[in-house]
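Here's the letter readout for the chains.
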Amino acid sequence: MLLVRKAVRTAVWTNLCRPFSASQTHPDKRKGLVLGVFEKEGEKGGLQLTETAADFDQSLSGKLSELLEISRPGLKKGKSRIFYGIHKDFPCVAVVGLGKSRAGVCNAENWDTSKENIREAVSAGCRLLQDMEVNHVEVDSCGDAQSAAEGAILGLFHYDQLKSKKKTKVTTQLRGSADAEGWEKGVVYAEGQNLARLLMEAPANHITPTAFANTIEEKLAPYSDRVAINKRSQAWIQEQKMGAFLSVSKGSEEPPVFLELHYNGSPDSKQPPLLLVGKGITFDSGGISLKPSPSMDAMRADMGGAATVCASIVTAASLKLPVNIVGLAPLCENMPSGKATKPGDVVIAKNGKTIQVDNTDAEGRLVLADALCYGHTFNPRAIVNVATLTGAMDVALGSAATGVFTNSDWLWGQLYKASVVTGDRVWRMPLFHHYTRQVTDSQLADLNNIGKYSRSGGACTAAAFLKEFVTAPHWAHLDIAGVMSNKDEIPYLRKGMSGRPTRTLVEFAAGLAHSG
Ligand code: BES
Ligand code: ZN
Ligand code: ZN
């Protein structure tokens, strides 16, 4: 056996040393291939090639499986290995570990493990090839082309817009023709999330409220037949009597923008729209209740709610989802200045409720309050607001899941179902009256913008505050503060702003579209 192995190894080495043809070494066109392998059930270290990998192996008379055998131990989930020079068209072939085949939905993890494994493995393979300066990658569907595309496109994203030295730009393509539709869908879903990541990662001096609105307008331009955009000015916001929103924006030199998007994907139906509302603080310094300096830079992503909501509408438009959506994003900076709102000030929201602003750093709930009041005028079938609302949400769940506060079991079910598919994960949080007491017992006004009695359960207190501005029967508040950024917890997202849960919002909207 040892002798046989040695013979194989020699043959392979000879192969590896064979020179490439000129076209393969051309620096402008380096092609790579990502292929998957499953762990063979009941056989420790055993590997089972995917259909695409098996075809490739066959075209090379079994050379790939020989190499995998030599390069033991078996390929663990999410790990990858590169083979050089085994195919004339692909100087680099990355083989990636997919874990167990038929892993399926895991009820303990609240996600589809097979899909997550594919995203993780494909992203690892694509990134390895990117590091080798490969600029075009063919990707094995691994049995789920959409997840493979998501892994590739999300994994390759890197925010280097403002760097002189950039990573290799990599184009991707499905290997073979199986499920081209799923692949395309995955590309569009992932590009949607990447748009949200781009907006969230960009510095606050680049993505001002005006620049944010212009970017979304540009992204929606190709769909102008189905999309209407209103970039509402400060004068309009004043006319609307959005005193809570204005109280946040007034400390900044940047004018606020109230972005209003209408996607009419089902114009003939009498179906009322889905309303998506996103917190759009392009920088949260805390205002007069100034935040501490360390990590304050992360608050450039405090428009993550607006970014994920707007990116999901761009994605819905691109997919032509047969559903009507209204998107609202109150956009402004939260800054300290001589004009800024002071702790103890009382402001009047659009619905006439008075709010004592005891902490100017609890500004998200103020801008959302007015946006929610306005949103009700569209008589929506459901309202979903998304916000990097509280540090307490991060303390509670970290980056594991988005906290969902909802008055509707039906809406919870829809969001949960969508998040299992995308792997984003959601977790249901309480809307107890216990927390309402915290915000309704204000000294000077109808409401207080922070908990009167205790800081405990801060995410729930914030949700209770928002609830005071909701009369609709199907409303959900998604607190995304914990999932805003990624270190290395989600293996197919690099370190940086995550763009979560854009794909879940799209999947949720698609679910509504198909249920009519
Ligand atoms: N934008 C922050 C919440 C946040 C914190 C998002 C960390 C992402 C990561 C929000 O505006 C805020 O400052 N909330 C305060 C509320 C408090 C003053 C009641 C907080 O969480 O400390
Ligand atoms: Zn704040
Ligand atoms: Zn904030």
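As a reminder, the structure under discussion sits directly above these lines.
Residues numbered from 1 in each chain as written. Chains lettered and ligands numbered in written order. Predicted model: local features only at pLDDT ≥ 70, side-chain atom pairs only at ≥ 80, totals over all residues. Heavy atoms only, no water.

### Quick notes on the coordination of the zinc ion (ligand 3)
Each protein donor to the zinc ion (ligand 3) is listed here as Lys279 (NZ), Asp284 (OD), Asp302 (OD) and Glu363 (OE); together their distances run 2.0 to 2.4 Å. For the zinc ion (ligand 3), the six donor atoms in the first shell make angles of 77 to 173° at the metal, a pattern classed as octahedral. For the zinc ion (ligand 3), the single-chain donor residues occur in sequence as K-x4-D-x17-D-x60-E. Separation of the zinc ion (ligand 3) from the zinc ion (ligand 2) amounts to 3.2 Å, with Asp284 serving as a shared donor to the pair. Taken as a pair, Asp284 in strand β12 (residues 280-284) and Glu363 in the loop between β15 (354-357) and α12 (364-375) lie far apart in primary sequence, 79 residues in all. Just as Asp284 is buried, Glu363 falls in that class too. (Donors = N, O, S within 2.8 Å, 3.2 Å for Na, K, Ca; no water. Tetrahedral: all angles 85-135°; square planar, octahedral: opposite > 155°, others 65-115°. Helix = DSSP H or I, 4+ residues; strand = E, 2+ residues; numbered from the N terminus. Buried < 20%, exposed > 50% of the residue type's maximum accessible area, 1.4 Å probe, protein only.)

### A look at unusual backbone geometry
Residues other than glycine predominantly adopt negative phi, and peptide bonds predominantly adopt the trans conformation. In this chain, Arg500 is followed by Pro501 through a cis amide linkage whose omega measures 0°. With respect to the secondary-structure elements, Pro501 resides in the loop between β22 (496-497) and α17 (502-515). Positive phi outside glycine occurs at Arg102, with the angle close to 55°. Within the secondary structure, Arg102 sits in the loop between β4 (92-100) and β5 (105-106). Residue classification places Arg102 among the exposed residues on the basis of a relative accessible area of 72%. Backbone geometry places Ser295, a non-glycine residue, at a positive phi of 65°. The topology assignment puts Ser295 in the loop between β12 and α11 (304-318).

### Details of the environment of Gly511
Inspection of the secondary structure puts Gly511 in helix α17. Distance in space between the C-alpha atoms of Gly511 and Ser337 is 45 Å, their sequence separation being 174 residues.

### Regarding the coordination of the zinc ion (ligand 2)
Protein coordination at the zinc ion (ligand 2) comes from Asp284 (OD), Asp361 (O), Asp361 (OD) and Glu363 (OE), with a distance range of 2.0 to 2.2 Å. Taken together, the six donor atoms coordinating the zinc ion (ligand 2) and their angles of 71 to 169° define a geometry best described as irregular.

### Considerations on the packing of aromatic side chains
Counting across every chain of the model gives nine aromatic pairs. Ring geometry for Phe432 versus Tyr435: centroids 6.1 Å apart, planes at 10°, classification stacked. Overall, the relative accessible area of 14% leaves Tyr435 in the buried class. Consider the rings of Phe465 and Phe469, whose centres lie 5.4 Å apart with planes at 45°: the pair is tilted. The pair formed by Phe465 and Phe469 is uniform in burial state, with each residue classed as buried. Aromatic rings pair up to connect Trp236, Phe245, Phe258, Tyr374 and Phe378 into one cluster. Lys353 extends its terminal NZ or CZ atom over the ring of Phe469, reaching a point 5.9 Å from the ring centre. (Phe/Tyr/Trp six-rings, centres within 6.5 Å; stacked < 30°, edge-to-face > 60°. Lys NZ or Arg CZ within 6 Å of the ring centre and 35° of its normal.)

### Concerning the site of ligand 1
Around ligand 1 there are 16 residues in total, and Asp284, Lys291, Asp361, Glu363 and Gly391 lie nearest to it. Here an oxygen atom of ligand 1 sits 3.2 Å away from a polar atom, N or O, in the side chain of Lys279. A total of 520 Å² of accessible area belongs to ligand 1 in isolation, and the protein chains cover 77% of it. Among the cavities detected, the one that contains ligand 1 is the largest pocket. Of the residues contributing to the shell around ligand 1, the split by class is five nonpolar, four polar and seven charged. (Near = heavy atom within 4 Å. Polar contact = N/O pair within 3.5 Å; in protein donor to acceptor, adjacent residues only side chain to side chain. Areas by Shrake-Rupley, 256 points an atom, 1.4 Å probe, with all protein chains shown as cover. 1 Å grid on protein atoms, 1.4 Å probe; cavity = no way out; pocket = protein on both sides within 12 Å on 5 of 7 lines; lining within 4 Å. Sits in = over half its atoms within 2 Å of the grid points. Nonpolar A, V, L, I, M, F, W, Y, C, P; charged D, E, K, R; others polar.)

### Brief notes about the sheet that holds strand β14 (residues 345-348)
Strand order in this open sheet of three strands is β14-β15-β19, and the pairing throughout is mixed. With partners counted over all chains shown, the strands left at the sheet margins are β14 and β19 (447-448), one partner each. Summarising the sheet, β15 and β19 pair through two bridges and their orientation is parallel. Residue pairing in the sheet places Gln356 in a bridge with Asn448 of β19. (Pairing = 2+ DSSP bridges.)

### Remarks on the side chain of Ser266
With respect to the secondary-structure elements, Ser266 resides in the loop between β10 (257-264) and β11 (274-278). Look at Ser266 and you get buried, because its relative accessible area is 16%. Ser266 has contacts with Pro322, Val323 and Asn324, leaving out every residue within four places of it along the chain. (Contact = heavy atoms within 4.5 Å.)

### What about the environment of Ala148?
With respect to the helices and strands, Ala148 occurs in helix α6 (residues 145-156). A C-alpha to C-alpha distance of 44 Å links Ala148 and Ile450, two positions 302 residues apart in sequence. In contact with Ala148, other than residues within four places in its own chain, are Ile118, Val122, Val139, Asp140, Ser141 and Trp183.

### Thoughts on the pattern of salt bridges
Should the charged atoms of two oppositely charged side chains come close, the side chains can pair. Within this structure, the stated rule accounts for 25 salt bridges. Its salt-bridge partner being Glu120, residue Lys77 comes within 3.2 Å of it at the nearest N-O pair. Here Lys77 is found in the loop between α4 (63-70) and β3 (80-84), whereas its partner Glu120 is found in helix α5 (residues 113-131), with 43 residues between them in sequence. Judged by relative accessible area, Lys77 falls into the partly exposed class, the value being 40%. A salt bridge links Lys231 to Glu217; the shortest N-O distance between them is 2.8 Å. Taken together, the residues span a long stretch of sequence, with Lys231 in strand β9 (residues 227-232) and Glu217 in helix α8 (residues 209-220) at a distance of 14 residues. (Salt bridge = Lys/Arg side-chain N within 4 Å of Asp/Glu carboxyl O.)

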